[in-house]
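Residue strings, one per chain:
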Amino acid sequence: MEYQDNDYKYFMQDAGALYFGARYNYLDIMEDEMANFKFKSIIEHYIAKDTDLSTALESHLYYMTPEQFSYRTYRQIRAKVKVSVLEEKKSVFGKTRIGYRTRTVGLDELTGWNLAQKKKMGLVVQELIISKLALMAFSL
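Quick look at the structure, then.

### Quick notes on the overall build of the protein
A tally of regular secondary structure across the protein gives seven helices and five strands. When the elements of the protein are put in sequence order from the N terminus, they spell out β-β-α-α-α-α-β-β-α-α-β-α. In terms of C-alpha radius of gyration, the protein reaches 16 Å, essentially the compact-globule figure of 14 Å for 140 residues. In terms of principal-axis extent, the alpha carbons of the protein reach across some 55 × 30 × 30 Å. A burial count over the protein gives 41% of its 140 residues as buried. A fraction of 60% describes how many contacts in the protein between residues 6 or more apart in sequence connect residues 24 or more apart.

### Re the packing of aromatic side chains
Aromatic rings in a pair are described by how distant their centres are and how their planes are angled relative to each other. Here the structure, examined in full by the defined rule, presents seven aromatic pairs. Ring plane angle 20° and centroid distance 6.1 Å describe the contact between tyrosine 46 and phenylalanine 69, whose orientation is recorded as stacked. Taken together, the residues span a long stretch of sequence, with tyrosine 46 in the loop between helix 2 (37–45) and helix 3 (57–63) and phenylalanine 69 in helix 4 (residues 69–76) at a distance of 23 residues. What makes tyrosine 46 buried here is its relative accessible area of 18%. Centre to centre, the rings of tyrosine 62 and tyrosine 63 are 4.9 Å apart; their planes meet at 70°, and the pair counts as edge-to-face. The class of tyrosine 62 is buried, set by a relative accessible area of 12%. A relative accessible area of 47% means that tyrosine 63 is categorised as partly exposed. Following the ring pairs from residue to residue traces out a cluster consisting of Phe11, Phe20, Tyr24, Phe39 and Tyr74. Geometry around phenylalanine 69 places lysine 49 over its ring, the cationic atom sitting 4.7 Å from the centre.

### Points about helix 4
For helix 4, the complete set of buried residues consists of Ser70, Tyr71, Thr73 and Tyr74. Viewed end-on, helix 4 has its buried residues packed into an arc of 160°, placing them on one side of the element. Contacts made by the buried residues of helix 4 are with helix 1 (26–31), helix 2, helix 3, helix 5 (107–112) and strand 5 (124–131). Once helix 4 ends, the next one or two residues include arginine 78, with phi positive near 50°.

### Remarks on the environment of leucine 123
Topologically, leucine 123 is positioned in the loop between helix 6 (115–121) and strand 5. Sequence separation between leucine 123 and aspartate 32 is 91 residues, and the spatial gap between their C-alpha atoms is 28 Å. Once residues within four sequence positions are removed from consideration, leucine 123 is found in contact with Tyr62, Val83, Ser84, Val85, Leu110, Trp113 and Lys118.

### Focus on the side chain of threonine 51
Following the sequence through the fold, threonine 51 ends up in the loop between helix 2 and helix 3. Look at threonine 51 and you get buried, because its relative accessible area is 8%. For threonine 51, the side chain forms a polar contact with the side chain of histidine 60, separated by 3.1 Å. Look past the residues within four positions of threonine 51 in its chain and what remains in contact with it is Tyr26, His60 and Ser70.

Reading the values: rules and limits
- Residues numbered from 1 in each chain as written.
- Predicted model: local features only at pLDDT ≥ 70, side-chain atom pairs only at ≥ 80, totals over all residues.
- Heavy atoms only, no water.
- Helix = DSSP H or I, 4+ residues; strand = E, 2+ residues; numbered from the N terminus.
- Rg over C-alpha atoms; globule rule 2.2 N^0.38 Å.
- Buried < 20%, exposed > 50% of the residue type's maximum accessible area, 1.4 Å probe, protein only.
- Contact = heavy atoms within 4.5 Å.
- Phe/Tyr/Trp six-rings, centres within 6.5 Å; stacked < 30°, edge-to-face > 60°.
- Lys NZ or Arg CZ within 6 Å of the ring centre and 35° of its normal.
- Arc of directions from axis to C-beta.
- Polar contact = N/O pair within 3.5 Å; in protein donor to acceptor, adjacent residues only side chain to side chain.

Next comes the structure, spelled out in structure tokens:
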């Protein structure tokens, strides 16, 4: 199976959150007419202060540090990140195999891991999740 870059470029929403696929870059979000206008404004006024808009969400979130202004911005809008990590799994027959487990983590946990830990874990960023309630309360 060949990996398609567009497989993780998407925008979805439900009653409580916005979901952006990790291969989306900030320019793609800004050009997407379906993407939330307030989030686009936050990108333009806050996230662009320390991030190149051609950067993919996957890369930005993977390398993000608590010192960055964009980190503080994402914390204000209660962003979470869906990631996959490698883990050993035991089968019913006692064999051990390695596979990915998907979980949702907060920014504090994500930035708490250093790069060596992320590489050892086989961490893959899949999705950015933003609370609609926190987004509504955010003042521009």
